[in-house]
Amino acid sequence: MTELIPQPLFDTYARFLALSPGSLVFENRFVVRFLNRLEPELPAKNDYLHTRDFLRSYAGWETTYKAYRIQVERLLLWCWLKKGSSVLKLTREDTEAFLGFCREPDMEWVGQAVRRRFIAGEEPGELVPNPQWRPYESLGSKAARKLADETGMPHQAPEHYKVTASSLKQAFTICCSFYDFLVGQNMLLDNPFRAIEEPGRFFEKRAPSIEGKVLNPLQWAFVIETAEWMAHQDAERHERTLFVVVVLFSLYLRISELAGRPDWHPTMQAFQQDGDGAWWYVTVGKGGKERRISVGSELLGYLKRYRMSRNLTPLPQPGENVPLLLKLDGRGGLTDRQIRNIVQKCFDSAVKRMQAEGRGEREISSLRAASTYWLRHTSASYDAPHRPLRSLQVDLGHAKASTTHDIYYTGVAPERTPTGRPRRLKRR
């Protein structure tokens, strides 16, 4: 079996939901061909259908489907191509070997970039497995990749794959759920993952950290000034950019809390005023739980500016069911990826402005490595010295105060604590 190259098994969320439950009638023919190459030595089709049933039971959320797809797909491929066994035949020793492989997979199984799983084939509408796709990705430093793109230098392939403790723990948790499902379906008597003694030894328990994921005041000043400059240059396109950057920063939002979820899409009425005149942003966070985030006066100013650019009244009215974000063609709603792209373009422009002003490569490199999630960390770390723990915990949507404390109230650097939100900082 080991001569086969691992290939993707499960496609996008939309295509997965279109498959016929319990059969391979509408399955991608290249996936079926791959399964056929494993038969009859392995009951690959049987394993595959059980796994697909499991994924369907967790397909209520696209993000959940994607996370579960990654881990069970890796498990299937490892069982077939490395172990030469059905997923129904794994022992405790096998599950430990799989976790060890996840921690240090063969480099032939590790790609150097995130690749699409399936690409267009020769026939109209045909999708074929992407030959460059691999079950694992070792992307290296984002700053190094961006620098290579800017300079035209080739990307240097990482020599080793480094898995995070949280990723390994996620693999264990999801595989545990998979085998609980199989036991519940009377496919197995016991869950081999639950037979592992002290599974925590596979993933170190570390306190959560934002080290290296916070913009310093100079970097944030360049980001917010760049967003405003972009909005001034092209209001039709970039007033939205400015609003996205400011609202993610000011409200500590996760991407899904601005892009929306399958059963919730943010509209202007997500901004609500209570009887005392205070404003709140009402969103749906992790686990589908509603949370209310306090809105400061400075953000209200940006909200007014953004709404006026869309020819709306300065502030939302009760029941105003207008999409919060619009595509450039006027249609409502932006995906997670589109929001990330908007923020990334702002970051890239800020990097160019820093370079043009002759700023130090160290600070430029740090901003080059930034992602959208850094806005949440940056704002919360700036505010921690000035806000009660409980208030910040609620606005961040953390279930436990200890999480907020361990991340933002332990060793917050003084240079990261200027006042005012969002901040127009003087450059140092």
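Residues numbered from 1 in each chain as written. Predicted model: local features only at pLDDT ≥ 70, side-chain atom pairs only at ≥ 80, totals over all residues. Heavy atoms only, no water.

### Re the nonpolar core
And then number 1: In terms of nonpolar packing, the biggest core is built from 53 residues, with Leu258, Phe271 and Tyr281 touching the most fellow members.
And then number 2: Leu258 has contacts with Val244, Val247, Leu248, Leu253, Pro266, Tyr281, Leu324, Leu325 and Ile339, leaving out every residue within four places of it along the chain.
And then number 3: By size, the runner-up hydrophobic cluster in this structure holds 51 residues, among which are Ala44, Phe54, Tyr179 and Leu182. (Core = buried A, V, L, I, M, F, W, Y, C linked by side-chain atoms within 4.5 Å. Buried < 20%, exposed > 50% of the residue type's maximum accessible area, 1.4 Å probe, protein only. Contact = heavy atoms within 4.5 Å.)

### Overview of the pattern of salt bridges
Side chains that differ in charge, positive against negative, can pair when their charged atoms come close.
And then number 1: Enumeration over the complete set of coordinates arrives at 19 salt bridges.
And then number 2: A salt bridge links Arg331 to Asp329, with the nearest nitrogen and oxygen atoms 2.8 Å apart.
And then number 3: Of the charged contacts, one joins Glu357 and Arg359 as a salt bridge, the two residues approaching to 3.7 Å between their closest N and O atoms.
And then number 4: On the basis of relative accessibility, which here comes to 24%, the residue Arg359 falls in the partly exposed class. (Salt bridge = Lys/Arg side-chain N within 4 Å of Asp/Glu carboxyl O.)

### Focus on the packing of aromatic side chains
And then number 1: Under the definition given, this model contains 21 aromatic pairs.
And then number 2: Here Phe10 and Tyr48 contribute two aromatic rings whose centre-to-centre distance is 5.1 Å and whose plane-to-plane angle is 5°, an arrangement assigned as stacked. Of this pair, Phe10 sits in the segment before α1 (13–17) while Tyr48 sits in helix α3 (residues 44–57); the two residues are 38 residues apart in sequence, bridging distant segments of the chain. As far as the burial class goes, Phe10 and Tyr48 line up, both buried.
And then number 3: A centroid spacing of 6.5 Å and a plane angle of 90° characterise the contact between Phe98 and Phe193, whose relative ring orientation is edge-to-face. Highlighted residues: Phe98 in helix α5 (residues 92–103) and Phe193 in the loop between α7 (165–184) and α8 (217–233), separated in sequence by 95 residues. When sorted by exposure, Phe98 lands in the same class as Phe193, which is buried. (Phe/Tyr/Trp six-rings, centres within 6.5 Å; stacked < 30°, edge-to-face > 60°. Helix = DSSP H or I, 4+ residues; strand = E, 2+ residues; numbered from the N terminus.)

### Describing the sheet that holds strand β6 (residues 279–284)
And then number 1: Spatially, three strands are ordered β5-β6-β7 in an open sheet, and the strand pairing comes out antiparallel. Either end of the sheet is taken by a strand with one partner, and the two such strands are β5 (271–273) and β7 (290–295). The mean angle between the axes of side-by-side strands here comes to 35°, regardless of whether they run parallel or antiparallel.
And then number 2: Two elements, β6 and β7, share six bridges in a ladder whose sense is antiparallel. Bridging across to β7, Thr283 finds its partner in Arg291. (Pairing = 2+ DSSP bridges. Axes fitted to C-alpha atoms, helices over the stretch in contact; angles between N-to-C directions.)

### Comments concerning the pairing of β6
And then number 1: Counted residue by residue, β6 has five buried out of six residues, so it is predominantly covered.
And then number 2: Relative to β6, β5 is paired through three bridges, and the arrangement is antiparallel. Pairing of Gln272 across the sheet is with Trp280, part of β6.
And then number 3: Linkage of β5 to β6, two consecutive antiparallel strands, is achieved through a turn of five residues, within which Gly277 is found at a positive phi near 90°.

### Considerations on helix α15 (residues 389–396)
And then number 1: Among all positions of α15, only Leu392, Gln393, Asp395 and Leu396 are buried.
And then number 2: Summarising the contacts, the buried residues of α15 are in contact with β7, α14 (373–383) and α16 (401–408).
And then number 3: Positioned one or two residues after α15, Gly397 has a phi angle of 80°, which is positive.

### So, the packing of α15 against α16
And then number 1: Look at α15 against α16: their axes get within 9 Å of each other, and the N-to-C directions meet at 100°. Compared by their axis directions, α15 and α16 come out roughly perpendicular. Along the contact surface, α15 presents Leu389, Leu392, Gln393 and Leu396, while α16 presents Ala401, Thr404, His405 and Tyr408.
And then number 2: Its residues assigned to classes, the contact of α15 with α16 comprises five nonpolar, three polar and no charged. (Parallel < 35°, antiparallel > 145°, perpendicular 65-115°, else oblique. Nonpolar A, V, L, I, M, F, W, Y, C, P; charged D, E, K, R; others polar.)

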